[in-house]
Amino acid sequence: MNAVDIIAKKRDDGELSRNEIAFMITGMLSGEVADYQMAAWAMAILLRGMTNREAHDLTMVMVDSGDVLDLSELAPIVVDKHSTGGVGDKTTLVVAPLVAAAGLPVAKMSGRGLGYSGGTLDKLEAIPGYDVNLDRERFLACVREHGIVVSGQTADLAPADKHLYALRDVTGTVPSVPLIASSIMSKKLASGADALVLDVKVGRGAFMETLEEARSLAKLMVRIGEEAGKRVTAILSDMSQPLGLAVGNALEMREAIATLRGEGPADFAQHCAVVAGEMLYLGERAPTPEAGIDEARSMLADGSALPKFAEWITAQGGDACVVDESDLMPRAPIVRTVTASEDGYLNRLDAREVGLAAVELGAGRRKKGDAIDLAVGIVVHHKVGEKVEKGTPLLDIHAQSDAAAEGAAERLLEAVTIESVGQLAPPPVLDLIRGS
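Residues numbered from 1 in each chain as written. Predicted model: local features only at pLDDT ≥ 70, side-chain atom pairs only at ≥ 80, totals over all residues. Heavy atoms only, no water.

**Here we look at the overall build of the protein**
Part 1: In terms of regular secondary structure, the protein is built from 16 helices and 13 strands.
Part 2: Computed over C-alpha atoms, the radius of gyration of the protein comes to 22 Å, within 12% of the 22 Å expected from 2.2 N^0.38 for 436 residues, which places it in the range of a compact globule.
Part 3: Here the protein holds 436 residues, and the buried ones make up 57% of them.
Part 4: Taking contacts inside the protein between residues at least 6 apart in sequence as the whole, the part at least 24 apart equals 79%.
Part 5: With an accessible surface of roughly 17100 Å², the protein has 51% of that area assigned to carbon and sulfur atoms. (Helix = DSSP H or I, 4+ residues; strand = E, 2+ residues; numbered from the N terminus. Rg over C-alpha atoms; globule rule 2.2 N^0.38 Å. Buried < 20%, exposed > 50% of the residue type's maximum accessible area, 1.4 Å probe, protein only. Contact = heavy atoms within 4.5 Å. Areas by Shrake-Rupley, 256 points an atom, 1.4 Å probe, with all protein chains shown as cover.)

Right, here's the structure in full:
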C-alpha cells in the first residue's frame, strides 16, 4: 500500500478497507505519511464521505493508537458524557456530581474552550487549586475512592486523534461528519466508560446549526459506540440561545453551584435533569429514563448532590469553600448592563454572538493556547419569548475595563431582537437517539 493510491481511492469515492485506514493513521504517527498527504486524505473524506463501516474502522484504529483505560475493576458500570460544545454549556459541572451522588461512578475527560464554545476545564480552573492534569493512576484513584473524576485528556489516549485534528484545524476539513464522529468517539472509547450520553448541540451557538446535520452526527456516533460494545444515547439539544443565564468561566461555575443548590435557571436545571436521567438509566441506576429524570430533579431540588460536588473538588485539589464563598472565584471589576431599547418580546438572543462577545472580553480563545480571563463574561436576564419593557435589563457585561464593556455592548445589541408579537422558544430537547 501507499498513501497516494489510498488518497486517490477515496477521492474517486472508493470505500477504504480497515487496513488502508490503518496504513494512513499509523503512517501519520510514524512520519511515513506526510502531513500534506494526510491533509489531502482528510479533504477527500470531507468531499466524498465515509460509510458507517469506514467511520467505525477509523475510530477503532485511532483508539488502538494509544492506551485504553480499563475501568472494569472500579465498578460494574462507569458512565461518561460528552457535549459537542455550546455557549453557557456548564452541564458537566452539575451532572457529574449529580449522577455520582446517586451512586453511579462518573469518569470524564474534558477539554478546553476554543472560539465561542466554552470548555469544562477552563470553568473548573476558576476554583482555586483545582487540578485538571491528572496522571493515569490519580485519575483511576479518584473514580475508585470518590466515584467521580473530571480531568484533561492524557497524551497517551488516542494520540492519532490529536495529530489528525491539528491538521484538520488548519486545512478546512473540520466540518466532516465521519471525521467529527471518529474524533469524539475515539477519545470516549479510549477513556473506558461502559455507557455514554452524547449531548449534541443544535443551532447558532453550536457547530451543527441544523437538526438534520446534528441528527446525522448523533446517529453515527451512537452506532460507533454500540458496535464497540457500549451503551450510548444522543440527546439533541437547542443552542439557538445560551444555555442557562451565565456565559464565562467563573460566572458559569457560580451558576452550576446555584443549580446544585436548587436555585439555578429553569432551562438549565431541566437540561441537567434530562442528561443525568439518561445516564442513570444507561448505568442501570434507574429502571427508565423518566425515573432517572425524576430522581435527578429531586436531588437538584433538595441540594443532596452538593456534598458530592465538594468531595469531588477537594479530591482534585480544589477549594470546596467555593460552595458557600463564591468570592473565592475571580470577579471582574466592571459590570455594565445592556437594556431593552423598546417594549415587546425578546424573540432572538443569538447564542453565537453572545459567545463571540464573551471571547472579545477575554473569556474564550481565538486560537489554541491563548490565555483566558476567568472572571469576565455575560449574564443574561431574559430568555427568548419573554416580555420586556423599554429600559429592562437584558444582559450584564462583566469586564476588566469600560472600553471592553463598551465593545461587548455594541456586539450584544446586535444579538437581540425585540418585536411586538412574541415567539415561542425552541424546546430544550429537540430529539433523542438511543441505541437498539
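Now that the structure has been shown, the text picks up again.
**What about the sheet that holds strand β8 (residues 344–349)?**
Part 1: In spatial order, the strands read β10-β8-β12; together these three strands make up an open sheet with antiparallel pairing. Only two strands of the sheet have a single partner each, and these edge strands are β10 (387–388) and β12 (416–419). (Pairing = 2+ DSSP bridges.)

**Focus on the packing of aromatic side chains**
Part 1: Applying the stated criterion across every chain yields a total of two aromatic pairs.
Part 2: Ring plane angle 90° and centroid distance 6.2 Å describe the contact between Tyr130 and Trp312, whose orientation is recorded as edge-to-face. Of this pair, Tyr130 sits in the loop between α6 (120–124) and α7 (136–146) while Trp312 sits in helix α14 (residues 306–315), placing them 182 residues apart in sequence.
Part 3: What makes Tyr130 buried here is its relative accessible area of 6%.
Part 4: Measuring from ring centre to ring centre gives 5.5 Å for Phe309 and Trp312, while their planes differ by 90°; the resulting arrangement is edge-to-face. Separated by three residues within a single helix, Phe309 and Trp312 lie in helix α14, roughly one turn from each other. Per residue, the accessibility class of Phe309 equals that of Trp312, and both read buried.
Part 5: Ring pairing ties together the aromatic residues Tyr130, Phe309 and Trp312, which thus form one cluster.
Part 6: Seen from the ring of Phe268, Lys90 lies directly overhead, with NZ or CZ sitting 4.7 Å from the centre. (Phe/Tyr/Trp six-rings, centres within 6.5 Å; stacked < 30°, edge-to-face > 60°. Lys NZ or Arg CZ within 6 Å of the ring centre and 35° of its normal.)

**A few points about the sheet that holds strand β9 (residues 377–380)**
Part 1: Read across the open sheet, the four strands follow the order β6-β9-β11-β7; overall the sheet is antiparallel. What marks the edges here is a single partner per strand, and that holds for β6 (246–247) and β7 (334–339).

**Brief notes about empty space enclosed by the protein**
Part 1: With the rule as written, the count across this model stands at three cavities of 30 Å³ or more.
Part 2: Approximately 150 Å³ is the volume found for the largest cavity.
Part 3: Lining the largest cavity are 22 residues, and of these Tyr116, Ser117, Gly118, Ala363 and Gly364 lie nearest its centre.
Part 4: Taken together, the elements giving at least two residues each to the lining of the largest cavity come down to α6, α11 (249–260) and α15 (351–361).
Part 5: Counting residues per element, the lining of the largest cavity draws most heavily on α15, which supplies three residues.
Part 6: Across the lining of the largest cavity, the residue classes tally to seven nonpolar, eleven polar and four charged.
Part 7: The computed volume of the second largest cavity comes to approximately 50 Å³.
Part 8: The wall of the second largest cavity is formed by Asp80, Met185, Lys188, Leu189, Ala193, Asp194, Ala195, Leu196, Lys230 and Val232.
Part 9: Secondary structure elements with two or more residues in the lining of the second largest cavity: α9 (177–190) and β4 (195–202).
Part 10: At three residues, the largest contribution of residues to the lining of the second largest cavity is made by α9.
Part 11: Here the lining of the second largest cavity is composed, by residue class, of six nonpolar, no polar and four charged. (1 Å grid on protein atoms, 1.4 Å probe; cavity = no way out; pocket = protein on both sides within 12 Å on 5 of 7 lines; lining within 4 Å. Points joined across faces, edges and corners; volume = space filled by probe spheres on them. Nonpolar A, V, L, I, M, F, W, Y, C, P; charged D, E, K, R; others polar.)

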